[in-house]
Amino acid sequence: MFGDGCAASVVCADPTGLALDRFRAALVPDMRQLITWKIRDLGFDMFLSGRAPGAISRGLESVAGAILDGASIQEMDLWAVHPGGRSVLDAVEQGLGLAPEALAVLRNVLEHYGNMSSATVMFVLASLLDTANTGERGCAMSFGPGLTAETMLFHK
């Protein structure tokens, strides 16, 4: 389930790779206790409630329009969701009404590398970079404290 990984990206004006279109944070109301981080003397203490996947699923239904900047879910060709676990991917799939194959790359990264915390979504983006076609649009997202969805729209 968990793994170690390291990732970096180069952001430049060259017309190669993935173009970053827009960033947005969405908050699922009244769910701040489901994912918490506390900074302590010896590092971070993270709490992830078993209720988080259900809240993510319900929350995505209500914020999908804002996350996608008015685009429809069907207009997105690529999904780069942080694969924190199978239940999180299932929740995103259900909340956005995605076909199972829409998250196949994510499930593959999770299976082969595990959850590497923040680096995981970069491994997903690297996989998509290798397989995406020019002009395809995508949405990346990760979930964090306060039950926020940090999102990025991009295209190849």
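Below: a short report on this structure.

Calculation rules
Residues numbered from 1 in each chain as written. Predicted model: local features only at pLDDT ≥ 70, side-chain atom pairs only at ≥ 80, totals over all residues. Heavy atoms only, no water. Pairing = 2+ DSSP bridges. Helix = DSSP H or I, 4+ residues; strand = E, 2+ residues; numbered from the N terminus. Contact = heavy atoms within 4.5 Å. Expected span 1.5 Å × (residues − 1). Bend = angle between axes of the 7 residues up to and from the residue. Buried < 20%, exposed > 50% of the residue type's maximum accessible area, 1.4 Å probe, protein only. Axes fitted to C-alpha atoms, helices over the stretch in contact; angles between N-to-C directions.

Take the pairing of strand β3 (residues 43-48) next. Strand direction decides the pairing type here: strand β2 (residues 35-40) and β3, joined by six bridges, are antiparallel. Looking across to β3, one finds that isoleucine 35 is bridged to leucine 48.

Mapped onto the elements, arginine 51 comes out in the loop between β3 and α1 (52-67). Expressed as a C-alpha distance, the spacing of arginine 51 and isoleucine 35, which sit 16 residues apart in the sequence, is 9.5 Å. The residues touching arginine 51, leaving out its near neighbours within four places in the chain, are Gln33 and Leu34.

To continue, consider α1. With 16 residues, α1 ought to run about 22 Å at 1.5 Å a step, yet its terminal C-alpha atoms sit only 19 Å apart, falling short of that. Glutamate 61 marks where α1 bends most, by close to 50°. Inspection of α1 places Ala52, Pro53, Ala55, Ile56, Ser57, Gly59, Leu60, Val63, Ala64 and Ile67 among the buried residues, and these make up the whole buried set. The inward-facing, buried residues of α1 contact β1 (19-27), β2, β3, α2 (86-96), β5 (137-144) and β6 (148-155). Following α1 by one or two positions, aspartate 69 has its phi on the positive side, about 55°.

One open sheet holds the four strands; their spatial order is β1-β6-β5-β4, and the pairing between them is mixed. Every other strand in the sheet has two partners, leaving β1 and β4 (78-81) as the edge strands with one partner each. If you compare each strand with its neighbour and ignore which way they point, the axes differ by 20° on average. The sheet contact formed by β1 and β6 spans eight bridges and is antiparallel. Across the sheet, the residue bridging to alanine 25 is glutamate 150, located in β6. Set on the sheet, α1 makes contact with β1, β5 and β6; between it and β1 the angle comes to about 130°.

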